[in-house]
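# Residue-level structure breakdown
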Amino acid sequence: MKGQDVVISCLGKGLNLRPTTLISEGTKNIVRAMRKHQVKRLIVVSIASRLPTSKSTGPWILKDIAADHDRMLEYLNTCKEDIEWCGLMVPEIFDLPITKTCQVAVGKRPGPVTVTTGDMADFMVKTIQNEGDWETYKNNLVGLSSTVTFSQVIHTSQGKVLLAVLTTMFAILAYGISTYWK
């Protein structure tokens, strides 16, 4: 960490939905190391449902993960004196390139309930490189959204799972209809 200008943290648990402190405790460890090495800037990735204007708290199945994101964000609010941070608040992430449809807004989700990894990376790099952008976003929760089409989604790992689920549901429905009409 020594000699770095900024830290980017994308801590998460993947598909493990059990209660955790990985994100909040991991962020505390990162900040501790930043302070030790006098690194002042941090970008963290969090979830759009934690934005103050969000109408949803997220799916109930993610409540334990969301609680850890809340703990992380509460901690970052106590660090403003010596750590400048930006909370990149994202909806459903798809592993797709830059879309050129990316929308950004401080304190709210600016558009669709999707974002691409390419748009996330592009936002982070541009924010780090542009002092004016950093001043706008520092110590704020920043919503980021991208327009992602269904034809793009089906080429991602999430899309393949979605297609498998839809195919299974269709097969069950077709079986039920065929049995009913016998």
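First things first, this report covers the structure right here in the doc. (Residues numbered from 1 in each chain as written. Predicted model: local features only at pLDDT ≥ 70, side-chain atom pairs only at ≥ 80, totals over all residues. Heavy atoms only, no water.)

### What about the nonpolar core?
A general trend in soluble globular proteins is that nonpolar side chains are found buried together. Put simply, the rule reads: The definition of a nonpolar core used throughout is a set of buried Ala, Val, Leu, Ile, Met, Phe, Trp, Tyr and Cys residues joined through side-chain atoms within 4.5 Å. Here's how the labels work: a residue is buried when its accessible area is under 20% of the maximum for its type, exposed when over 50%, partly exposed in between, all with a 1.4 Å probe on protein chains only. In DSSP terms, a helix is any run of H or I states spanning at least four residues, a strand is any run of E spanning at least two, and both are numbered starting from the N terminus. Whether two residues are in contact is decided by their heavy atoms, any of which lying within 4.5 Å being enough.
By size, the foremost hydrophobic cluster in this structure holds 20 residues, and its most contacted members are Val31, Met34, Leu42 and Leu76. Put simply, the parts of the chain that give this core at least two residues each are helix H1 (22-37), strand S2 (41-47), helix H2 (63-77) and strand S3 (84-90). Ignoring anything within four residues of it in the chain, the contact list for Val31 reads Leu42, Tyr75, Leu76, Cys79 and Ile83. If you look at the next biggest cluster of nonpolar residues, it comprises 13 residues, including Val45, Val90, Val115 and Leu144.

### Things to note about the side chain of Thr20
For the record, the criterion: Polar contact is the term for a pair of N or O atoms within 3.5 Å; when the atoms are in protein, one must be able to donate a hydrogen and the other to accept it, and sequence-neighboring residues count only if both atoms are side-chain atoms.
Structurally, Thr20 is set in the loop between strand S1 (6-9) and H1. One polar contact links the side chain of Thr20 to the main-chain amide nitrogen of Leu22, over a distance of 2.9 Å. Beyond its immediate chain neighbours, meaning those up to four positions away, Thr20 contacts Lys13, Ile65, Asp68 and Arg71.

### Some remarks on the packing of H1 against H2
For any two helices packed against each other, one specifies the crossing angle of their axes together with the interaxial distance. Where we set the bar: In this description, a line fitted to the C-alpha atoms serves as the axis of each element, helices being fitted only across the stretch in contact, and the angle between N-to-C directions of two axes falls anywhere from 0 to 180 degrees. Here the angle decides the label: under 35 degrees means roughly parallel, over 145 means roughly antiparallel, 65 to 115 means roughly perpendicular, and every other value means oblique. Under this grouping Gly is polar, as are all residues other than the nonpolar Ala, Val, Leu, Ile, Met, Phe, Trp, Tyr, Cys and Pro and the charged Asp, Glu, Lys and Arg.
At a minimum axis distance of 7 Å, the contact between H1 and H2 shows a crossing angle of 25°. The angle between H1 and H2 falls in the class roughly parallel. The segment H1 lies against H2, with Leu22, Ile23, Ser24, Thr27, Lys28, Val31 and Arg35 engaging Ile65, Asp68, His69, Arg71, Met72, Tyr75 and Leu76. Looking at the contact of H1 with H2 residue by residue, the classes come out as 7 nonpolar, 3 polar and 4 charged.

### Considerations on the pairing of strand S7 (residues 140-145)
The side chains of a regular strand alternate between both faces of the sheet. Cut-off, in case you're wondering: In this scheme, strands are said to pair when DSSP sees at least two bridges between them.
Burial analysis of S7 places 5 of its 6 residues in the buried class, the great majority of the element. As defined by bridge partners, S3 adjoins S7 across 4 bridges and the pair is classed as parallel. From the neighbouring strand, Met89 faces S7, where its bridge partner is Gly143. The sheet contact formed by strand S5 (residues 103-106) and S7 spans 4 bridges and is antiparallel. Directly across from Val104, in S7, lies its bridge partner Leu144.

### Topic: unusual backbone geometry
Residues other than glycine seldom take positive phi values, yet Gln38 does so here, at roughly 60°. Note that Gln38 resides in the loop between H1 and S2. You can call Gln38 exposed: its relative accessible area is 64%. One non-glycine residue with positive phi stands out, namely Lys100, at about 70°. Among the structural elements, Lys100 can be located in the loop between strand S4 (92-94) and S5. Residue Lys100 is classed as exposed on the basis of its relative accessible area of 78%.

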